[in-house]
Amino acid sequence: MKEDGIRQFFRNSRSFVLGAGIGSGMTARAAELAGADFVLALNAGRFRAMGDSSPASILPIRNTNEFVAGFGRTEILPSTKLPVFFGACTFDPQLDIDRFLDHIIRWGFSGVTNFPSVIHIDDYRRSLLEKSGLGYAREIELLVKAARRGLMTIGYTRTKSEARRMVEAGAEAICINFNLNRGGETGSAAPSISLSELAARTSAVARVAQSIDKSAICLLGGGPITKPDELLDICRETGIQGFIGGSSLDRVPLEMSVLEVTSGFKTIHLLREKVDLLDRQLQLSGVRHGIIAQSSIMKRVLETARRLAGGPNPVLVWGEAGSGKRQIASLIHAFSDRKNTKAALFDCGPGPAINKIGALFGTEGDENRRRQLSLLEAASDSALLLMHADQLSRDGQERLADYIETGSFTPLNGIPVVRSNAKIIATATVARGASLESVLCPRLLAFFVGLDIELPALSNRLEDLPQLIQHFTVEAKGDSNAQRLAIEKSAFLALACHHWPGNLRELRQIVNQLVALKNTHIVAEVLKPLLNAALPAKPASAFSEREWIIEGLKRNRLHRGRTARSLGLSRKTLYNKIKKLRILE
């Protein structure tokens, strides 16, 4: 803010100005960023920054003016564009005020204030200074001469008589300061007056000042105020037009921040426990296994997987091809009490039935070959992830049913019964619209009743599309910070209307192709060649934009924020479409 800007603040009685009495460049920079209107380079601010108390500012322990000039010129002025007031001391009988003011102007300060002041010295010592010509009259002389040189002035006052003298001398603003800053770890003692008494004393001084000059600006300096709400109460009662904060702006917040941050570092083990808890929650959410569950139907899948993971009972995960059965099966093992063991994985896919049965149940040795160890034995203390159990022969399915029922099995060509504790987590693939009865024998199916998880087709969990696309984008780019594909509304509608016979597997292939295209924006014309045109898509008339949005609202129980995210729209766009298409009317 320029000098004439703050003068305008002072002239406008409706403006509330905030000044920061500080002692370091870091605090000056922070005050400017926080919205302060001006700063004051005060020796008290520097003492606070050094860990000392504000009352040290009136003690003759330094050449105060040289002290302020040192940090004011090297730290504060270079650190802020706000007007900077020089806190000048007139106690020194050798001080040449005129020459000193010339230095202040040349250094680049915008204003002057009488700090430290004799108003903060006890009556006896002040009377000695007054008799020596080094009292309040000399401070007024400093401000009068500063104003004549074009510098802004703020006069520190404490009593009604001091306010009268300062305003009569022509000070632009007075700072009513009772030297009652609230103490912290290094501050002064607790203030001796309450906020209500502070308000009463401030009002009395302000009334005197404004009885002399109605345009006089009365600011409150420091005091037992440390919080904005306390200042608000004082302002309402007194009508003051601004505040100059010292300890309440630098020392008190700094001490609190250092205390909190240091305590945080000291309690890092507690934070680690929280991180571990979040890590476990993340594990249970399925994200680590590449499972996206934004939709309510997939959230129910995760809940069921978590429930069925406990104990030795078998679990069957079934659904269409490419629906993510292997990931869910792996997640069930990760949820179980055997998660620290490595699960055995066996694919019952194409191949001679005898080989599959031999691998699963082992083969008894004879004079020409040694006994073949079974997977059930190898995974006795863990789990056996049995992929595509529906492709086992009828004999294989019956043998598996025997094992689930008795916990034992008989190797091929063998008579001895072998026991195992392996937990069976099987998957089965069914065609769209088909049931498990079409792929599993009745006896095996009976053991999975109530212990099965049906995975939805991608077309039934469209809320997951945005997150799935991002997940596959990260996979394709090999970068966890990969930028999202910018999919236009028309393209997203085409994705939502697609039949998705290949489910997640097909979506992954589509995303891989889109990433390879390196298009900035994906529109429907880019997508259509990639989607299999031979596969029947939902007719546009049967899945219009209006119905698309209605379906999204139904799936998300009319929650518009979640609906917007699931449809890949902004909240505002969704609202506009609901209004335009007369949905919910």
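Residues numbered from 1 in each chain as written. Predicted model: local features only at pLDDT ≥ 70, side-chain atom pairs only at ≥ 80, totals over all residues. Heavy atoms only, no water.

(A) Molecular detail of the overall build of the protein. Secondary structure summary: the protein contains 25 helices and 17 strands in total. Pairs at least 24 apart in sequence give 69% of the contacts found in the protein among residues at least 6 apart. For the protein, the accessible surface area stands at approximately 29000 Å², while carbon and sulfur atoms represent 53% of it. (Helix = DSSP H or I, 4+ residues; strand = E, 2+ residues; numbered from the N terminus. Contact = heavy atoms within 4.5 Å. Areas by Shrake-Rupley, 256 points an atom, 1.4 Å probe, with all protein chains shown as cover.)

(B) Local environment of a positive patch on the surface. A surface patch of like charges, here positive, comprises Lys299, Arg562, Arg565 and Arg571. Assignment of secondary structure puts Arg562 in helix 24 (residues 560-567). Under the relative-accessibility criterion, Arg562 is labelled partly exposed at 33%. (Patch = residues over 30% accessible without salt bridge, like charges linked within 9 Å, V, L, I, M, F, W, Y side chains within 5 Å. Salt bridge = Lys/Arg side-chain N within 4 Å of Asp/Glu carboxyl O. Lys, Arg positive; Asp, Glu negative; His and termini not counted. Charge placed at Lys NZ, Arg CZ, Asp CG, Glu CD. Buried < 20%, exposed > 50% of the residue type's maximum accessible area, 1.4 Å probe, protein only.)

(C) Highlighting the environment of Leu485. Take Leu485: it is sitting in the loop between helix 19 (465-477) and strand 16 (486-487). Here Leu485 falls in the buried class, since its relative accessible area comes to 16%. A C-alpha to C-alpha distance of 9.6 Å links Leu485 and Pro466, two positions 19 residues apart in sequence. Residues within four places of Leu485 in sequence aside, it is in contact with Ile469, Gln470, Thr473, Val511, Leu514 and Val515.

(D) View of the confidence of the model for the protein. For the protein, the mean per-residue pLDDT works out to 81, and 83% of the residues sit at or above 70. Every residue in residues 182-191 scores below 50 in pLDDT, and together they form 27 contacts with partners more than four places removed in sequence or on other chains. Across residues 533-542 the pLDDT falls below 50, and counting only partners more than four positions away or on other chains, this stretch makes eight contacts in the model. (pLDDT = per-residue confidence, 0-100.)

(E) Up close: the pattern of salt bridges. One pass over the structure, following the stated rule, counts 16 salt bridges. Of the charged contacts, one joins Asp102 and Arg149 as a salt bridge, the two residues approaching to 3.2 Å between their closest N and O atoms. With Asp102 in helix 5 (residues 97-107) and Arg149 in the loop between helix 7 (136-148) and strand 5 (152-157), this residue pair connects regions lying 47 residues apart in the sequence. Exposure remark for Arg149: the relative accessible area of 31% places this residue in the partly exposed category. The closest approach of N and O atoms between Glu162 and Arg126, which form a salt bridge, is 2.5 Å. Of the two residues, Glu162 sits in helix 8 (residues 160-168) while Arg126 sits in helix 6 (residues 123-131), which places them 36 residues apart along the sequence. The structure contains a network of salt bridges with shared partners spanning Asp98, Asp102, Glu141, Lys145 and Arg149.

(F) Looking closely at the pairing of strand 9 (residues 315-319). Judged by how many residues are buried, strand 9 sits mostly within the fold: five of five residues are covered. Here strand 9 shows no split at all, with Val315, Val317 and Gly319 on one side and Leu316 and Trp318 on the other all buried. Summarising the sheet, strand 9 and strand 14 (residues 423-429) pair through five bridges and their orientation is parallel. Each bridged residue has a counterpart across the sheet, and for Gly319 the counterpart in strand 14 is Thr429. With three bridges joining them, strand 9 and strand 15 (residues 452-454) adopt parallel strand pairing. In the strand pairing of strand 15, Trp318 is matched with Glu454. (Pairing = 2+ DSSP bridges.)

(G) Geometry of helix 19. Between its terminal C-alpha atoms helix 19 stretches 18 Å, which fits the 18 Å expected from 13 residues at 1.5 Å a residue. Among all positions in helix 19, only Leu465, Pro466, Leu468, Ile469, Gln470, Phe472 and Thr473 are buried. The first or second residue beyond helix 19 is Gly478, which carries a positive phi of 65 degrees. (Expected span 1.5 Å × (residues − 1).)

(H) Layout of the sheet that holds strand 6 (residues 173-177). The strand order 1-2-3-4-5-6-7-8 describes a closed barrel built from eight strands, whose pairing is parallel. Each adjacent strand pair in this sheet contributes to an overall mean axis angle of 25 degrees, direction not counted. Where strand 6 and strand 7 (residues 217-221) come together, five bridges link them in parallel fashion. Bridge pairing links Ile174 to Cys218 in strand 7. Against the sheet, helix 9 (residues 195-212) makes contact with strand 5, strand 6 and strand 7, and its axis sits at roughly 155 degrees relative to strand 7, the strand it touches most. (Axes fitted to C-alpha atoms, helices over the stretch in contact; angles between N-to-C directions.)

(I) Spatial organisation of the sheet that holds strand 15. Taken in spatial order, the five strands of this open sheet run 10-11-14-9-15, and their pairing is parallel. Of all strands in the sheet, those with a lone pairing partner are strand 10 (344-347) and strand 15, marking the two edges. Between one strand axis and the next, the sheet turns through 15 degrees on average, direction left out of account. Pairing of strand 10 with strand 11 (residues 383-387), which is carried by four bridges, proceeds in the parallel orientation. When the bridges of strand 11 are listed, Leu345 appears paired with Leu385. Relative to strand 15, helix 13 (residues 296-309) is tilted by about 165 degrees, and along the sheet it contacts strand 9, strand 14 and strand 15.

(J) Quick look at unusual backbone geometry. A cis amide bond links Phe115 with the next residue in sequence, Pro116, at an omega value of 0 degrees. Within the fold, Pro116 resides in the loop between strand 4 (111-114) and helix 6.

(K) Inspection of the pairing of strand 8 (residues 242-245) at higher detail. Side chains Gly242 and Ile244 project from strand 8 onto one buried face, and the interleaved Phe243 and Gly245 project onto a second face that is buried too. The pairing of strand 7 with strand 8 spans three bridges and is classified as parallel. Across the sheet, Leu219 pairs through a bridge with Gly242, a residue of strand 8.

(L) Representation of the packing of aromatic side chains within the structure. Counted by the stated rule, this structure contains 10 aromatic pairs. Where Phe67 meets Phe71, the ring centres are 5.5 Å apart and the plane angle is 80 degrees; that geometry is what we call edge-to-face. Within this pair, Phe67 and its partner Phe71 are both found in helix 4 (residues 64-79), separated by four residues, close to a single helical turn. Its relative accessible area of 14% is what places Phe67 among the buried residues. For Phe71, a relative accessible area of 3% corresponds to the buried category. Between Phe361 and Phe409, the aromatic rings sit 6.0 Å apart at their centres with planes inclined by 55 degrees, giving tilted as the arrangement. Separated by 48 residues along the polypeptide, Phe361 in helix 15 (residues 353-361) and Phe409 in strand 12 (residues 408-409) bring together distant segments of the chain. (Phe/Tyr/Trp six-rings, centres within 6.5 Å; stacked < 30°, edge-to-face > 60°.)

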